[in-house]
Amino acid sequence: MLPQAFQVRAAGKETPDTFTLTLAPHNGDHANSFEPGQFSMLWTFGVGELPISISGDPTKEDRLVYTVRSVGKATHALVSQQVGSSVGVRGPYGVGWPVEAARGQDLIIVAGGIGLAPLRPVIYKVLAERESYGRLVLLYGARNPRDLLYRKELVAWSRTRDTQVLVTVDYGGLSWRGHVGVVTTLFKFARIHPERSLAMICGPEIMMRFVTRELETQGLTRDRIYLSMERNMKCGVGLCGHCQYGPYFICKDGPVFTYRQMQPLLEKYEL
Amino acid sequence: METLEGIIAGHPFFEGLDPQYLALMVGCASNVRFNANTYIFKEGGEANEFFLIRAGKVALEVFGANRKPSIIETLGEGEVLGWSWLIEPYIWKFHARTMEMTRAIALDAKCLRAKCEENHDLGYEIMKRFASLMQRRLEATRFQLLDVYAAR
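Criteria and thresholds
- Residues numbered from 1 in each chain as written.
- Chains lettered and ligands numbered in written order.
- Predicted model: local features only at pLDDT ≥ 70, side-chain atom pairs only at ≥ 80, totals over all residues.
- Helix = DSSP H or I, 4+ residues; strand = E, 2+ residues; numbered from the N terminus.
- Rg over C-alpha atoms; globule rule 2.2 N^0.38 Å.
- Contact = placed C-beta atoms within 7 Å.
- Buried ≥ 20, exposed ≤ 12 C-beta atoms within 10 Å, placed from the backbone.
- Domains from an automatic or database assignment.
- Nonpolar A, V, L, I, M, F, W, Y, C, P; charged D, E, K, R; others polar.
- Core = buried A, V, L, I, M, F, W, Y, C linked by C-beta atoms within 7 Å.

Asks: Explain the overall build of chain B to me, please; I cannot follow it from the model alone.
Replies: A tally of regular secondary structure across chain B gives four helices and eight strands. Along its sequence from the N terminus, chain B presents helices and strands in the succession α-α-β-β-β-β-β-β-β-β-α-α. Relative to the globule expectation of 15 Å for 152 residues, the C-alpha radius of gyration of chain B, 16 Å, shows essentially globular dimensions. The C-alpha extent of chain B, read off along each of the three principal axes, is 55 × 30 × 25 Å. Here the contacts in chain B between residues at least 6 apart in sequence split such that 75% fall between residues at least 24 apart.

This is the structure:
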């Protein structure tokens with residue numbers, strides 16, 4: 001439960017309000033290994049602690065990478081950390097994406113906005129062990145072109161074999177050459193085989209509800225659809241109860257759940 | 001060589017259409033091609049056609065005073081461009097501009113409306129397909145209006 005001091009090794013701007021931080025232990029040790037979809041509690045000293053999904057490559061054990069959107073005082077303090085400064089790290093915590101169960105299957109990854117960050121480790125893993133997985137379909141939506149994350153990697157991923165990368169924005173200026181429309185409008189261009197596919201979705205909850213409906217229309221069963229949920233996580237280990245969602249603690253039982261688990265809760269107005 | 005009838009039958013929008021309706025529609029159809037950056041139609045113009053896109057990409061644009069023009073939707077292969085031809089007063093509501101070279105089948109609206117009036121079964125079949133298309137686009141528009149990626 002005690003945070004370990006990590007040093008900020010690199011900090012890069014992804015979009016006008018989103019930054020990627022690379023952290024490594026001060027003492028030169030390996031960072032704790034993680035599973036794609038897990039998160040850490042990051043502590044900006046003197047400000048506070050936040051749950052942030054790990055967005056880096058799971059095979060690179062000397063570092064932990066986080067992509068953070070600056071939306072409030074705590075996230076602003078975190079993304080303002082300079083190279084060389086210290087950040088407290090607890091974790092990794094939680095249940096991640098079912099990357100082992102997905103071996104031999106096609107993967108449909110649907111991301112909205114900063115929701116691509118927790119899914120990027122899955123993409124790294126699949127591309128690193130390409131023979132172990134079937135087709136990879138990435139459908140990614142953002143608000144507008146300047147809010148797209150990891151632009152160079154999107155291009156690189158689209159050039160790898162058995163990989164289809166489709167990107168859209170909700171609103172495009174006249175200079176935008178790509179697709180315009182909500183992320184669900186990309187499904188008509190995706191080549192999906194529901195009987196041998198697993199879907200992984202991360203984004204705003206409303207977006208995930210639209211996407212799950214579309215995936216069901218495409219023929220995927222609820223056990224084959226996984227969502228990463230977000231609630232007010234504080235302790236990170238299921239003790240404090242802040243992130244309770246129905247019978248689950250998002251931090252300990254999730255953040256990744258099957259749609260079969262989440263569907264009854266997602267449709268409850270009160271939750 | 002592909003016939004117009006074959007192309008229409010192979011377009012996703014008219015998948016499974018009864019051959020008797022295809023035969024009626026083909027008389028209203030023509031092959032068209034637009035170079036990149038060409039306006040297919042403009043807001044306020046008469047909606048005298050609709051298009052089954054075979055290849056390429058088309059942007060629906062909107063503009064207004066004191067704001068930059070923006071693209072509200074793009075349409076590509078296998079999609080339908082235009083439904084204003086079906087609903088009075090048959091006026092386009094947006095600009096449609098090709099983003100790349102685009103090939104399509106154009107369906108003459110006056111010709112098809114006349115055939116739908118003569119043959120209500122054909123009219124109902126077409127209306128059902130457009131109602132489904134409108135439902136999907138309305139849902140997408142509502143999703144878009146929610147602006148789910150905006151900072152809260």
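Picking up after the structure, the text goes on.
Asks: Quick question: what am I supposed to make of the overall build of chain A here?
Replies: The secondary structure content of chain A amounts to six helices and 16 strands. In terms of overall dimensions, chain A is globule-like: its C-alpha atoms have a radius of gyration of 18 Å, near the 18 Å expected for 271 residues. Along the first, second and third principal axes, the C-alpha set of chain A runs to 50 × 45 × 35 Å. Here chain A holds 271 residues, and 48% of them are scored as buried. A fraction of 70% describes how many contacts in chain A between residues 6 or more apart in sequence connect residues 24 or more apart.

Asks: Explanation requested: the domain arrangement of chain A in the structure shown.
Replies: Where the parts come together, the accessible area they lose is often given as the size of the interface. Residue and element names in this part refer to chain A. On domain assignment, one finds that chain A holds domain 1 (4-93) and domain 2 (106-228). Spacing between the C-alpha centres of domain 1 and domain 2 amounts to 24 Å. Facing the 15 residues of domain 1 at the interface are 13 residues of domain 2. Elements that contribute at least two residues to the side of domain 1 that touches domain 2 include exactly β1 (4-15) and β5 (64-69). Among the residues forming the side of domain 1 that touches domain 2, the class breakdown is four nonpolar, eight polar and three charged.

Asks: Could you clarify how one ought to interpret the nonpolar core in this entry?
Replies: One recurring pattern in soluble globular proteins: nonpolar side chains tend to sit buried together. A:Leu107, A:Ile109, A:Ala199, A:Met200, A:Ile201 and A:Tyr226 are the most contacted members of the largest nonpolar core, which has 102 residues in total. Every residue in contact with A:Ala199, bar those within four places of it in the chain, is listed here: A:Ile108, A:Val110, A:Leu215, A:Leu220, A:Arg224, A:Ile225 and A:Tyr226.

Asks: I would appreciate a short explanation of the interface of chain B and chain A in the present structure.
Replies: Listed as interface residues are 18 residues of chain B and, on the opposing side, 25 residues of chain A. Those elements that place two or more of their residues in the side of chain B that touches chain A are β5 (67-76) and α4 (120-145) of chain B. With seven residues, the single largest contributor to the side of chain B that touches chain A is β5(B). Residues of the side of chain B that touches chain A, tallied by class, amount to 12 nonpolar, four polar and two charged.

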